[in-house]
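Commentary on secondary and tertiary structure
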Amino acid sequence: MLQERLLQILDRKDHWAWPWFAQGRVPLQRLLPHFQQEWEVYVRDFPQLLARILGHSGTSQESRAMLAANIYEEQTGGISGSTSHPELFLRMMEGCGFRRSDFGAVKLLPGASRYRKFLDDATSSEPWVVGAAVMTIFVEGSVKERREIEDASPESEAEIEAAIRKHPLVRIHGLDPKFLELQRVHKKVEGGHRQDAWRMVLDHTPKEMEDRVVQSVEQALQRWLAYRDDVVAACGIAR
């Protein structure tokens, strides 16, 4: 089953250094390379990467509608009533004490550069469903995907705020919760986007193309792990 094969890959979207970030074992200022590489690899250009998939001639009309809704939210915040997600990311960085200029001319680390090239190639090439799987299933997905699929019910405002207060940036580093609007927005809209992502890929991947989709998502995982290794080293973290 295609979904199970993809979920088995997402089960491994984890990294040995996550506890260093989640438990506050690294001072906030040392995390700047982590945030810079995220920005340059996919946060800034996520709407553009999705737009490439939408623009393929073979992309189904239903999938174009799903992608268009995702792009609209990412670029404008129009569904959540906020603003663009890249802008919300930069506001979060300002709350962390970083300057916008810190994200103006970021030089990609080798692993990050290879990961970004992979994303560029996947979204620019046919068949479109491969790029859709890489971007909407893998990049937007997480190691918690199984649990989130099982419990797709929207969170209440109180539940969202409780989760924000538990976020490491707030709980450990003392960030004012108002700067985590990006996380609030994700919690409000991601449920619908996750459902669209799975429906788009599962409904439009022919049986003969399943192996290629799975292989591409596996390659995305390997590029992501190498990218994370470089970021962790840049933040001064060692096993």
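Taken as a whole, this structure holds one cavity of 30 Å³ or more when the rule is applied. Roughly 40 Å³ of internal volume is contained in the largest cavity. Lining the largest cavity, in full, are Met66, Leu67, Asn70, Thr136, His193, Asp196, Ala197 and Met200. In terms of residues, the lining of the largest cavity owes the most to one element, helix α12 (residues 181-204), which gives four residues. Of the residues assigned to the lining of the largest cavity, the class counts are four nonpolar, three polar and one charged.

Moving on, we get to the packing of helix α7 (residues 110-124) against helix α13 (residues 210-234). Packing of α7 against α13 brings their axes to within 7 Å, and their N-to-C directions diverge by 155°. Taken together, α7 and α13 sit at an angle that is classed as roughly antiparallel. Our pair here, α7 against α13, has a crossing hand that is left-handed. Here α7 contributes Pro110, Gly111, Ala112, Arg114, Tyr115 and Phe118 to the contact with α13, which in turn contributes Ser216, Gln219, Ala220, Arg223, Trp224, Ala226, Tyr227 and Asp230. Its residues assigned to classes, the contact of α7 with α13 shows eight nonpolar, three polar and three charged.

Side chains three or four residues apart in an α-helix point the same way, a direct result of the helix having 3.6 residues per turn. Helix length check: helix α5 (residues 61-76), at 16 residues, gives a terminal C-alpha distance of 22 Å against a target of 22 Å (1.5 Å per residue), a fit within 8%. Those residues of α5 not exposed but buried are Ser63, Met66, Leu67, Asn70, Ile71, Glu73 and Glu74. For α5, the buried positions fall inside an angular range of 165° around the axis, keeping them on one side. Looking at α5, the residues exposed on the side facing more than 90 degrees away from the buried face are Gln61 and Ala65. A positive phi of about 70° marks Gly77, the residue just after α5.

With that settled, the discussion passes to the pattern of salt bridges. Across all of its chains, the model carries 21 salt bridges by this definition. With its nearest N and O atoms 3.5 Å apart, the salt bridge here joins Arg184 to Glu181. One end of the pair is Arg184 and the other is Glu181, both in helix α12 and three residues apart, which spans about a single turn. Taking relative accessible area as the criterion, Arg184 reaches 10% and is therefore assigned buried. Look at the salt bridges and you will find they share partners, linking Glu40, Arg44, Asp45, Arg52, Arg116 and Asp120 into a network.

Here the amide bond leading from Glu126 into Pro127 is cis, since omega sits at -5°, within 30 degrees of zero. Mapped onto the secondary structure, Pro127 falls in the loop between α7 and α8 (128-139).

Cut-offs applied
Counting from 1, residues in each chain are numbered in the order their sequence is written. Where totals are concerned, whole chains, interfaces and linings use all residues; where local detail is concerned, this predicted model gives features only for residues with pLDDT of at least 70, and gives and counts side-chain atom pairs only at 80 or more. With hydrogens and water excluded, all non-hydrogen atoms of the structure serve as input to the side-chain values. Using a 1 Å grid laid over the protein atoms alone, points where a 1.4 Å probe fits but cannot get out form a cavity; open sets with protein on both sides within 12 Å along at least 5 of 7 lines form a pocket; any residue with an atom within 4 Å of a point counts as lining. Grid points are joined across faces, edges and corners, and a volume is the space filled by probe spheres set on the points. Here a strand is any run of E in DSSP of at least two residues, a helix any run of H or I of at least four, and the numbering for each starts at the N terminus. Polar here means any residue other than Ala, Val, Leu, Ile, Met, Phe, Trp, Tyr, Cys and Pro, which are nonpolar, and Asp, Glu, Lys and Arg, which are charged; Gly is therefore polar. Fitting a line to C-alpha atoms yields each axis, with helices limited to the stretch in contact; the angle taken between N-to-C directions then spans 0 to 180 degrees. In this scheme, roughly parallel covers angles under 35 degrees and roughly antiparallel covers those over 145, while 65 to 115 is roughly perpendicular and the rest are oblique. Two helices cross in a left-handed way if the nearer one is turned anticlockwise from the farther one by less than a right angle. They cross in a right-handed way if the turn is clockwise. The contact criterion used throughout is that any non-hydrogen atoms of two residues lie within 4.5 Å. The span expected for a helix works out to 1.5 Å for each residue beyond the first. Exposure classes here rest on a 1.4 Å probe applied to the protein chains alone. A residue is buried below 20% of its type maximum, exposed above 50%, and partly exposed in between. Regarding the arc, it is the one traced by the directions from the helix axis to the C-beta atoms. Any Lys or Arg side-chain nitrogen found within 4 Å of a carboxyl oxygen on Asp or Glu counts as a salt bridge.

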